[in-house]
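Listed below are the residues making up each chain.
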Amino acid sequence: MNEMTTVTDTATQPAPEKAKPALPDAQTVTEVKHWTDKLFSFRVTRPASLRFRSGEFVMIGLMNDPDPKTGKVKPLLRAYSIASPAWDEEMEFYSIKVEDGPLTSRLQHIQPGDEIILRPKPVGTLVHDALLPGKRIWFFATGTGFAPFASLLREPQTYEDYDEVIITHTCRTVGELQYGRELIESLKDDELLNELIGEGFWKKIKYYPTTTREESPKMGRITDLMRSGEAFADLGVPPLNPDTDRAMICGNLAFNLELKDLFENTYGLEEGANSKPLHFVVEKAFLD
């Protein structure tokens with residue numbers, strides 16, 4: 001009886017659960033903040049061996065659904081600019097939410113403790129190494145193109161290399177400017193940065209936010225405001241000049257191409273690269 005009972009008990013035990021396949025290059029989400037119904041930022045653990053230059057990007061993502069034919073599961077990855085500076089112990093990212101986007105429709109639901117894939121191979125053109133020395137650095141962003149500048153605004157080299165730092169951010173609505181505005185405001189009270197870079201380093205920054213749809217103190221596309229001269233008058237600086245000005249662009253494709261044309265044909269700036277530093281660089285991996 002006892003023996004039969006033992007056999008019966010064993011037979012009715014549920015089968016052990018199959019172990020979940022380990023996520024490749026997994027990092028743990030530590031913080032998530034939703035800024036609008038279309039924008040959120042999040043922080044994840046940083047691989048101990050990962051080194052990057054402020055302004056670079058990495059591939060991040062989640063596992064895709066199984067292939068209906070083969071059943072195989074592949075990673076779904078996209079290029080994301082690193083919004084945290086090179087010295088930060090964690091990694092920060094700033095993202096749009098696309099309702100039916102293959103990745104962001106799922107990524108927007110991550111919570112602290114979840115895991116994402118982070119490929120530890122940073123690359124990118126928005127780095128100080130790709131520019132010649134100058135007096136003034138301009139950061140031009142639309143939407144979530146602010147992300148690499150969130151990194152560079154907290155990078156000590158930015159303030160060592162330039163006397164003035166100008167960041168323009170063009171969005172459709174006021175709410176879309178909040179991430180950038182709060183980050184810039186926080187620099188004033190950041191004890192670590194004031195100690196690391198120098199007390200009052202943030203006074204070198206001139207922040208120029210504009211909106212194109214919702215009413216705000218400054219309306220208009222930055223390219224139009226530059227052509228009219230209004231932007232330069234507002235900022236109290238002369239138009240861009242290859243002798244003094246350096247620039248980085250990160251926005252939607254049309255914006256990138258329009259600014260590139262403006263730089264080359266109006267202001268006489270030349271596009272640089274890691275291998276050939278010049279006057280301006282464009283982030284080619286970003287699509288807002």
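Residues numbered from 1 in each chain as written. Predicted model: local features only at pLDDT ≥ 70, side-chain atom pairs only at ≥ 80, totals over all residues. Heavy atoms only, no water.

**Remarks on the overall build of the protein chain**
The helix and strand inventory of the protein chain stands at nine helices and eleven strands. Seen along its three principal axes, the alpha-carbon backbone of the protein chain occupies a region of about 95 × 40 × 35 Å. Within the protein chain, the fraction of its 288 residues that count as buried is 47%. For the protein chain, contacts bridging at least 24 residues in sequence account for 72% of all contacts bridging at least 6. Surface exposure of the protein chain reaches about 14800 Å², of which carbon and sulfur atoms provide 52%. Considering the protein chain, the positive charge centre built from 33 side chains and the negative charge centre built from 45 side chains are found 5 Å apart. (Helix = DSSP H or I, 4+ residues; strand = E, 2+ residues; numbered from the N terminus. Buried < 20%, exposed > 50% of the residue type's maximum accessible area, 1.4 Å probe, protein only. Contact = heavy atoms within 4.5 Å. Areas by Shrake-Rupley, 256 points an atom, 1.4 Å probe, with all protein chains shown as cover. Lys, Arg positive; Asp, Glu negative; His and termini not counted. Charge placed at Lys NZ, Arg CZ, Asp CG, Glu CD.)

**A few points about the nonpolar core**
Counting 31 residues, the largest nonpolar core has F139, F146, F149, L153, Y179 and M248 as the members making the most contacts within it. Where this core is concerned, the elements lending two or more residues are strand 7 (136-142), helix 3 (147-152), strand 8 (164-171), helix 5 (178-187) and strand 10 (245-250). The contacts of Y179, once residues within four sequence positions are left out, are W35, S41, A83, E92, Y94, F146, A150 and R154. (Core = buried A, V, L, I, M, F, W, Y, C linked by side-chain atoms within 4.5 Å.)

**Examining the pattern of salt bridges**
Taken as a whole and judged by the stated rule, the model has 21 salt bridges. With its nearest N and O atoms 2.8 Å apart, the salt bridge here joins D234 to K218. With D234 in helix 8 (residues 230-235) and K218 in the loop between strand 9 (205-211) and helix 7 (222-227), the pair connects residues that are 16 residues apart, well separated along the chain. In this structure D234 comes out as partly exposed when scored by relative accessible area, which is 41%. The residue R221 makes a salt bridge to D224 at a minimum N-O spacing of 3.5 Å. What makes R221 partly exposed here is its relative accessible area of 35%. For D224, a relative accessible area of 38% puts it in the partly exposed group. (Salt bridge = Lys/Arg side-chain N within 4 Å of Asp/Glu carboxyl O.)

**Some points on helix 9 (residues 253-265)**
With 13 residues, helix 9 extends 18 Å between its outermost C-alpha atoms, agreeing within 8% with the 18 Å of an ideal straight helix rising 1.5 Å per residue. The complete set of buried residues in helix 9 reads F255, N256, E258, L259, L262 and F263. One face of helix 9 carries all of its buried residues, which in axial projection span an arc of 170 degrees. Every exposed residue of helix 9 that faces more than 90 degrees away from the buried side is listed here: L253, A254, L257 and N265. Contacts made by the buried residues of helix 9 are with strand 7, helix 7, strand 10 and strand 11 (280-282). (Expected span 1.5 Å × (residues − 1). Arc of directions from axis to C-beta.)

**Quick look at the environment of S81**
Within the element layout of this structure, S81 appears in strand 4 (residues 75-81). Separated by 68 residues in the primary sequence, S81 and F149 place their C-alpha atoms 9.2 Å from one another.

**Side note on the side chain of D245**
Within the element layout of this structure, D245 appears in strand 10. Among the polar contacts listed, one links the side chain of D245 to the side chain of R136, at a separation of 2.8 Å. Among the polar contacts listed, one links the side chain of D245 to the side chain of T244, at a separation of 2.8 Å. Not counting chain neighbours up to four residues away, the residues in contact with D245 comprise R136, W138, P239, L240, L269 and H279. (Polar contact = N/O pair within 3.5 Å; in protein donor to acceptor, adjacent residues only side chain to side chain.)

**Comments concerning the packing of aromatic side chains**
Using the criterion set out here, one finds 13 aromatic pairs in the structure. Here the aromatic rings of F40 and F42 are separated by 5.6 Å at their centres, their planes lie at 20 degrees, and the arrangement is stacked. For the pair F40 and F42, one class covers both residues: buried. Between F139 and F149 the ring centres are 4.8 Å apart and the planes differ by 15 degrees, which places this aromatic pair in the stacked class. (Phe/Tyr/Trp six-rings, centres within 6.5 Å; stacked < 30°, edge-to-face > 60°.)

**Description of a nonpolar patch on the surface**
A cluster of nonpolar side chains, namely W87, L192 and L196, defines an oily patch on the protein surface of about 270 Å² accessible area. You can call L192 partly exposed: its relative accessible area is 44%. (Patch = residues over 30% accessible without salt bridge, like charges linked within 9 Å, V, L, I, M, F, W, Y side chains within 5 Å.)

**Quick word on the sheet that holds strand 3 (residues 57-63)**
Read across the open sheet, the six strands follow the order 4-3-6-1-2-5; overall the sheet is antiparallel. Looking at which strands have only one partner, the edges of the open sheet turn out to be strand 4 and strand 5 (90-96). Looking at each pair of strands side by side, their axes are set apart by 40 degrees on average, direction ignored. Relative to strand 5, strand 2 (residues 39-45) runs antiparallel, the two being bridged by seven bridges. Bridge assignment links T45 to a residue of strand 5, and that residue is E90. (Pairing = 2+ DSSP bridges. Axes fitted to C-alpha atoms, helices over the stretch in contact; angles between N-to-C directions.)

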